[in-house]
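Notes for the structure review
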Amino acid sequence: MGRRRNKGRANKKRSTGNSKSSPRRFYEDDEWSNSSSEEISVDFDEPLAFDIGTRVELPNIKRASPPDENVSPNTGTVVGHWKRRDHWPEHLRAPYLVLLDDGMAVYCHRTDADFLRETDVPPMKATLNIGCRIECKIESKWFPGTIVQRHDDWVLSPIDTPPYFIRFDYGRERPFWGPEDRIRAISDCKKGSSARFPPLRFELGDRVVCSVDDDWAPGQVVRKWYTEEEFENGHAVPYQVLLDTGDFIYAPLDDDDCIKRSTAPPVPLRFDVGDRVTCKVEEGWTPGMVINTQYRDEGVHGGRIVPYEIKLDMGDIVYAPCDNDLFVKKKLRFEVGDRVECLADDGWMAGIVKETDYFENCRMAPYQVELDTGDDVFVNLDSDSHIKESSAPLVCRGEINGMVHVMSKMMIYNQEYGTAEKMLQERVTMIRSKIKSNVQHKHVNSWRVDMSNFLCYLSEVHQATGSLHEMRAALDEALELIEISQDKSKSHRLLNVTSKLATHAALTSDKYAALLFSEEAIILARETTGGHDSFRLGLMMFQCGKLNVACDDRERGLEQMSEGLEILTRLYGRDNKHIKLMAKDHLKTANAIFLEGEE
């Protein structure tokens with residue numbers, strides 16, 4: 001967008017039109033020389049005296065007609081080594097290709113000083129400005145025209161970039177290499193003065209078609225005598241054109257090979273005067289109102305046509321250079337934080353607008369919405385078919401996870417193992433995919449917490465169905481997620497997984513692994529409870545004691561069983577039937593150990 005008070009930055013453009021190939025004279029055959037191409041040297045390894053760019057003189061060139069007395073000497077520049085014409089045999093080469101200052105290309109078959117020698121005559125300097133009215137002497141007549149291109153460093157690539165490109169009043173455009181005494185300024189245009197641009201065939205707003213990639217593309221003239229920072233020495237082109245596709249191009253020449261009038265109707269503008277829109281400015285997307293369409297902005301040289309003049313709500317006047325969503329679009333209906341429902345893969349789902357005009361990986365979307373499930377989705381259209389206002393109450397991620405946990409527990413209790421496994425597996429797969437594709441996301445740690453919890457729930461399903469291999473795989477993945485996470489619940493989740501690993505080891509009859517995991521779980525339980533009594537700690541101490549007894553560490557085993565029983569007794573009293581059963585179990589184990597010792 002361009003501001004009235006601040007000049008906007010130029011957009012990247014591409015040129016249009018067929019490149020102009022001017023007729024070039026070649027000094028090679030008998031019409032110009034006493035030698036034929038068969039005499040041209042072919043020793044490519046012969047060291048050459050003159051480097052490319054060396055200024056040279058060819059004093060003995062024989063021209064088809066006597067030169068005018070005012071013609072400069074035959075000076076020029078070496079532009080190539082060992083060159084050949086297309087029609088020559090492949091093995092024939094000329095040691096030097098020289099471009100004379102009057103534009104004639106000379107294939108030098110001789111290298112002796114009588115034919116080719118170095119000179120101190122400097123190249124012609126390009127001193128006349130673009131747009132300057134001039135006269136050029138061709139043969140013996142002077143022809144008026146206008147400079148449309150200028151190249152100060154033309155001698156670096158003289159074949160492709162002549163000092164001047166001139167549009168003559170008789171309708172032809174052609175390059176001009178020199179010499180200097182064959183070009184002169186006329187009217188009020190003098191060397192070094194400001195350029196006066198000539199009249200062009202088309203006006204601002206005219207419909208045209210431009211030659212682009214071997215085809216004709218319709219558009220509208222939006223600027224005349226257009227220039228860019230990348231152009232050298234104030235070079236300007238006749239037109240900048242806004243194509244109907246939304247692309248900006250420029251026409252380097254004002255002729256029908258490059259640009260011509262079009263009768264195709266213009267593409268209708270999307271907005272009318274009074275419409276509310278948002279515009280892309282330096283501060284970001286800013287709301288405003290269209291106050292003019294097809295507005296002529298006189299703030300740039302030659303003027304320009306822009307689709308919209310817009311007054312922002314902050315008071316500034318800006319201009320939309322073209323009518324597409326990159327610069328101006330309809331004002332969005334929702335703002336960040338609004339409660340909405342959007343059409344997702346699983347149907348209509350509630351969430352909160354997280355970001356507007358979201359752009360990532362070359363993709364633009366009006367909204368990024370964070371669903372109540374924790375997923376981020378992109379809404380491609382601001383219409384009721386894709387997004388609408390929601391009155392659904394906000395459901396937090398914890399509530400959804402808690403609901404899944406409770407439902408899985410109920411399903412396991414009701415022996416609906418298949419349904420519970422499917423629900424949990426879908427949840428785990430979704431979060432796993434989200435973590436993999438958004439490793440740097442700010443919520444990735446929360447996703448790891450959720451996934452480790454669901455894997456624990458899933459291990460309970462596998463335990464109930466006797467799928468012990470799947471149970472261990474779920475617990476191992478949960479353990480990996482917990483170890484790389486940093487959150488307050490880490491110790492609790494590590495305790496859950498470790499105690500389940502102890503259960504898995506016991507179910508697979510690996511008593512030593514069960515003992516190892518149980519000892520770790522006790523340490524974690526003490527940390528999470530802060531040293532206070534708890535049913536979980538008491539029960540784990542009692543069970544771990546039995547494992548130590550089974551692993552022949554009887555003394556430690558009895559101590560742990562006694563400590564666990566004391567914790568549970570303090571919590572539930574000695575009259576609790578479960579405490580009585582555990583006390584009998586403890587006494588029976590102690591007696592058995594005593595009798596074994598007596599034997």
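As a starting point, this report considers the structure included with it. (Residues numbered from 1 in each chain as written. Predicted model: local features only at pLDDT ≥ 70, side-chain atom pairs only at ≥ 80, totals over all residues. Heavy atoms only, no water.)

Brief notes about the nonpolar core
Going by this rule: To form a nonpolar core, buried Ala, Val, Leu, Ile, Met, Phe, Trp, Tyr and Cys residues must be joined to one another through side-chain atoms within 4.5 Å. Only protein chains enter the accessibility calculation, which uses a 1.4 Å probe; a residue is then buried when its area is under 20% of its type maximum, exposed when over 50%, and partly exposed in between. Think of it this way: any DSSP run of H or I at least four residues long counts as a helix, any run of E at least two long counts as a strand, and we number them from the N terminus.
By size, the foremost hydrophobic cluster in this structure holds 44 residues, and its most contacted members are Leu424, Met451, Phe454, Leu455 and Val497. Ranked by residues supplied to this core, first place goes to helix α3 (residues 444-465) with 9 residues.

Re the sheet that holds strand β13 (residues 183-185)
Stated precisely, the cut-off is as follows: Strand pairing is assigned whenever DSSP identifies at least 2 bridges connecting the two strands. For helices, the fitted axis covers only the stretch in contact; all axes are lines through C-alpha atoms, and the angles between them, taken along N-to-C directions, range from 0 to 180 degrees.
Read from one edge of the open sheet, 5 strands run β12-β11-β10-β9-β13, paired in antiparallel fashion. Of all the strands in the sheet, the pair left with one neighbour each is β12 (173-176) and β13. Going from strand to strand, the sheet's axes swing by 40° on average, the running direction of each strand aside.

Looking at the packing of aromatic side chains
Note the following rule: Ring pairs shown here join Phe, Tyr and Trp side chains whose ring centres sit within 6.5 Å, with only the six-membered ring taken for Trp; geometry is labelled stacked below 30 degrees between planes, edge-to-face above 60, and tilted in between. Geometrically, a charge over a ring is one whose NZ (Lys) or CZ (Arg) sits within 6 Å of the ring centre while staying within 35 degrees of the ring normal.
Considering all chains together, one arrives at 9 aromatic pairs under this definition. Ring centres of tyrosine 226 and tyrosine 250 lie 6.5 Å apart, and the angle between their planes is 35°; on these two criteria the pair is classed as tilted. Linking tyrosine 226 in strand β15 (residues 215-226) with tyrosine 250 in strand β17 (residues 248-251), this pair joins segments that are 24 residues apart in sequence. Both residues of the pair, tyrosine 226 and tyrosine 250, count as buried. Taking the ring centre of tryptophan 142 as reference, the NZ or CZ of arginine 184 above it sits at 3.7 Å.

Observations regarding the pairing of strand β5 (residues 75-83)
If a strand is regular, its side chains alternate between the two faces of the sheet. Counting buried residues in β5 gives 7 out of 9 residues, a clear majority hidden from the surface. Sheet topology note: the strand β4 (residues 55-57)/β5 ladder contains 3 bridges and is antiparallel. Bridging across to β5, glutamate 57 finds its partner in threonine 75. Pairing between β5 and strand β6 (residues 94-100): 6 bridges, direction antiparallel. Bridge assignment links histidine 81 to a residue of β6, and that residue is tyrosine 96.

With respect to the pattern of salt bridges
Heads up, the rule is: Should a side-chain nitrogen of Lys or Arg be within 4 Å of a carboxyl oxygen of Asp or Glu, the pair is scored as a salt bridge.
Applying the stated criterion to the full structure yields 22 salt bridges. In this structure, arginine 201 and aspartate 254 form a salt bridge, with 2.8 Å as the shortest nitrogen-oxygen distance. Residue arginine 201 is found in the loop between β13 and β14 (207-212), and its partner aspartate 254 is found in the loop between β17 and β18 (259-261); the two are separated by 53 residues along the sequence. Through salt bridges with shared partners, a single ionic network connects Arg84, Glu90 and Arg93.

Some remarks on the packing of helix α7 (residues 535-550) against helix α8 (residues 554-572)
Heads up, the condition is: An angle below 35 degrees is read as roughly parallel, one above 145 as roughly antiparallel, one from 65 to 115 as roughly perpendicular, and any other as oblique. Throughout, a crossing is termed right-handed when the near helix is turned clockwise from the far one, and left-handed when it is turned anticlockwise from it by less than a right angle. For this scheme, ten residues count as nonpolar: Ala, Val, Leu, Ile, Met, Phe, Trp, Tyr, Cys and Pro. Four count as charged, namely Asp, Glu, Lys and Arg, and the remainder, Gly too, count as polar.
Put simply, α7 and α8 touch, their axes get as near as 7 Å, and they point 160° apart. By the angle class used here, α7 and α8 are roughly antiparallel. The two elements α7 and α8 cross, and the hand of that crossing is left-handed. Among the residues forming the contact of α7 with α8, the class breakdown is 14 nonpolar, 6 polar and 4 charged.

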